[in-house]
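Inside the fold
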Amino acid sequence: MSTRRNRQIVLARRPVGAVSADCFDVAECEVPSLDDGEALLEVRYLGIDPTIRGWLDERGNYMPGVAIGECVRSNGVGIVVETNNPREYPLGRAFMHLTGWQQYCVVQANPFPPITMVPEGVQLTDVLGALGHIGITAYVGVLRVACPQPGETFVVSAAASGVGSIAGQIAKMQGASVIGIAGSAPKCLWVVEELGFDACIDYKTEDVAARLKELVPAGVDVFFDNVGGELLDLVLRRLALRARVVLCGDISTYDNDTPAPALRNVRYLMGKRARMEGFNTLDHWDHYPEAAAQLAVWLAEGKLHTREHILDGLDRAPEALVRLFRGDHLGKLVVQVSDD
Ligand SMILES: NC(=O)c1ccc[n+]([C@@H]2O[C@H](COP(=O)([O-])OP(=O)(O)OC[C@H]3O[C@@H](n4cnc5c(N)ncnc54)[C@H](OP(=O)(O)O)[C@@H]3O)[C@@H](O)[C@H]2O)c1
């Protein structure tokens, strides 16, 4: 056993409907001794992602559900503080991994999903957002699936989310006219004033159908959807000829225990000769290096703007997940577990 003690946030009970802080408990345990090839990460930051909600259900989401009493699965970034594998995991280097909601995480040699060494000089939180899975999802979703052309109209839901905010900025770089849909006036202001979107609709206070008609009278060429459900159904009625509907996520349904109601407006795809296509970033591993490199260049050149919402302390991870589903944050939600 190591002399270090570990603090974890574990799943106490499965959420029914919306996730709440009482679904979680705090647990303390010894940090185990390292086997050959292993290293110990001290976790610095956790990325609070919508996919965590799926892992709290028994059926899981691309990966099995987290068991009751088990540490909550999550992306994180940590520093190597002990190593039995200095070639792969040098002391002091930062890595992004499925660390879980805990202070210390043991990593094995060649884990799956693969662990990523954070390049020197990169801000650690960036690899949980623009330079990691979130930015890469936006990159492949826009450039390999949606493919917006100059002059086309590109509408993105959850426009102020990590993926949505980056997707809109990339579409804008391709010459599209970009309209966001987001859940508050400050979010709409941010995507227009700071990210350069052409307009943004507040779906909580505005009539989305009427505003779309006004802003995109000739119809939506590309709908990059992060929300699903009612909002997706509504946009299907406003498609332009040969539109593309890209299904990135359907966060409005993640709390549902039963399948969401069927879409009523699918027939508009036929009338408009439109295409609807889902994608999963995990199928685009081969594009990760290219995407991460390009996103880093855009970030350094000031062509890509990001924002973080950081909550301080491991014990605030449950609160962060609750906030994510309420939309009560502006920017990529991150929990700081220990000091840089
Ligand atoms: N396909 C893939 O490979 C892939 C990979 C990563 C993520 N994703 C998906 O991409 C989407 C965005 O992820 P992210 O990590 O960028 O999110 P994020 O930054 O955590 O933001 C999530 C936002 O979703 C909105 N939201 C939450 N509940 C909602 C509801 N019931 N109805 C409408 N909007 C709701 C909220 O914004 P508002 O205040 O605007 O409501 C919230 O701020 C998610 O659907 C996620 O599952 C897909």
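The model shown is predicted, which means the values in this text are computed figures rather than measured ones.

Scoring rules and cut-offs
Residues numbered from 1 in each chain as written. Predicted model: local features only at pLDDT ≥ 70, side-chain atom pairs only at ≥ 80, totals over all residues. Heavy atoms only, no water. Helix = DSSP H or I, 4+ residues; strand = E, 2+ residues; numbered from the N terminus. Disulfide = S-S within 2.5 Å. Salt bridge = Lys/Arg side-chain N within 4 Å of Asp/Glu carboxyl O. Buried < 20%, exposed > 50% of the residue type's maximum accessible area, 1.4 Å probe, protein only. Pairing = 2+ DSSP bridges. Axes fitted to C-alpha atoms, helices over the stretch in contact; angles between N-to-C directions. Contact = heavy atoms within 4.5 Å. Polar contact = N/O pair within 3.5 Å; in protein donor to acceptor, adjacent residues only side chain to side chain. Near = heavy atom within 4 Å. Areas by Shrake-Rupley, 256 points an atom, 1.4 Å probe, with all protein chains shown as cover. Nonpolar A, V, L, I, M, F, W, Y, C, P; charged D, E, K, R; others polar. Expected span 1.5 Å × (residues − 1). Arc of directions from axis to C-beta.

1. Quick look at unusual backbone geometry
A positive phi angle, close to 50°, is found at Asn110, a residue other than glycine. Note on placement: Asn110 falls in the loop between strand S6 (104–107) and strand S7 (116–117). For Ala158, which is not glycine, the phi dihedral falls at a positive 45°. Relative to the helices and strands, Ala158 resides in the loop between strand S8 (153–157) and helix H3 (162–173).

2. A closer look at the state of the cysteines
What the rule picks out here adds up to zero disulfides. Cys29 takes part in no disulfide bond, and the closest cysteine sulfur, belonging to Cys71, lies 8.4 Å away.

3. Some points on the pattern of salt bridges
Counting across every chain of the model gives 23 salt bridges. Here Arg211 ties to Glu214 by a salt bridge, and the two come within 2.8 Å at their closest N and O atoms. Of this pair, Arg211 and Glu214 both sit in helix H5 (residues 208–215), three residues apart, which is roughly one turn of that helix. Assessed through its relative accessible area of 19%, Arg211 is described here as buried. Connected through shared salt-bridge partners, Arg5, Arg7, Glu28, Glu30 and Asp315 make up one network.

4. Considerations on the sheet that holds strand S11 (residues 220–225)
The strands making up a sheet associate through hydrogen bonds between their backbones, and the pairing can be parallel or antiparallel. Strand order in the open sheet formed by six strands is S10-S9-S8-S11-S12-S13, and the pairing between neighbours is parallel. The open sheet has two edge strands with one neighbour each: strand S10 (199–202) and strand S13 (275–278). Between one strand and the next, the sheet's axes are offset by a mean angle of 15°, whatever the strand orientation. Bridge count for strand S12 (residues 239–247) against S13 is four bridges, and the pairing is parallel. Of the residues in S13, the one forming a bridge with Leu247 is Gly278. Across the sheet, H3 lies against S8, strand S9 (177–182) and S11, angled at about 170° from S8, the strand it touches most.

5. Considering the side chain of Gln102
Looking at where Gln102 falls in the secondary structure, it is placed in the loop between strand S5 (94–97) and S6. Here Asn6 takes part through its side chain, which lies 2.9 Å from a polar atom of the side chain of Gln102. Among the polar contacts listed, one links the side chain of Gln102 to the side chain of Gln8, at a separation of 2.8 Å. Beyond its immediate chain neighbours, meaning those up to four positions away, Gln102 contacts Asn6, Arg7, Gln8, Val43, Cys71, Leu314 and Val337.

6. Some points on the site of the ligand
If you check the shell around the ligand, you find 27 residues, and the closest are Val163, Lys187, Tyr203, Tyr254 and His329. The separation between an oxygen atom of the ligand and a polar side-chain atom of His329 is 2.6 Å. Its free accessible area being 930 Å², the ligand has 90% of it covered by the protein chains. Elements with a minimum of two residues in the shell around the ligand: helix H2 (133–146), H3 and helix H9 (317–326). Sort the elements by how many residues they give to the shell around the ligand and H2 lands first, with three residues. Among the residues making up the shell around the ligand, the classes are represented as 13 nonpolar, 12 polar and two charged.

7. Observations regarding the environment of Ser74
Relative to the helices and strands, Ser74 resides in the loop between helix H1 (51–55) and strand S4 (75–83). The exposure class of Ser74 is buried, given its relative accessible area of 0%. Remark: the alpha-carbon pair of Ser74 and Asp49, spanning 25 residues in sequence, is separated by 7.6 Å. Other than its neighbours up to four places away in sequence, Ser74 contacts Leu46, Gly47, Ile52, Trp55, His97, Leu98, Thr99, Gly100 and Trp101. Within the structure, Ser74 has its side chain in polar contact with the side chain of Trp101 (distance 3.4 Å).

8. Overview of helix H8 (residues 288–300)
Structural remark: α-helix, 3.6 residues per turn; residues separated by three or four positions point the same way. In a regular helix each residue adds 1.5 Å, so 13 residues correspond to 18 Å; H8 covers 18 Å between its end C-alpha atoms and thus fits that length. Buried residues of H8: Tyr288, Ala291, Leu295 and Trp298, and no others. The buried residues of H8 occupy an angular sector of 100° when the element is viewed end-on, so they sit on one face. Exposed positions of H8 whose direction lies more than 90 degrees from the buried face are Pro289 and Ala300. Against H2 and H3 lie the buried residues of H8. Trailing H8 by a residue or two, Gly302 shows a phi angle of about 75°, which is positive.

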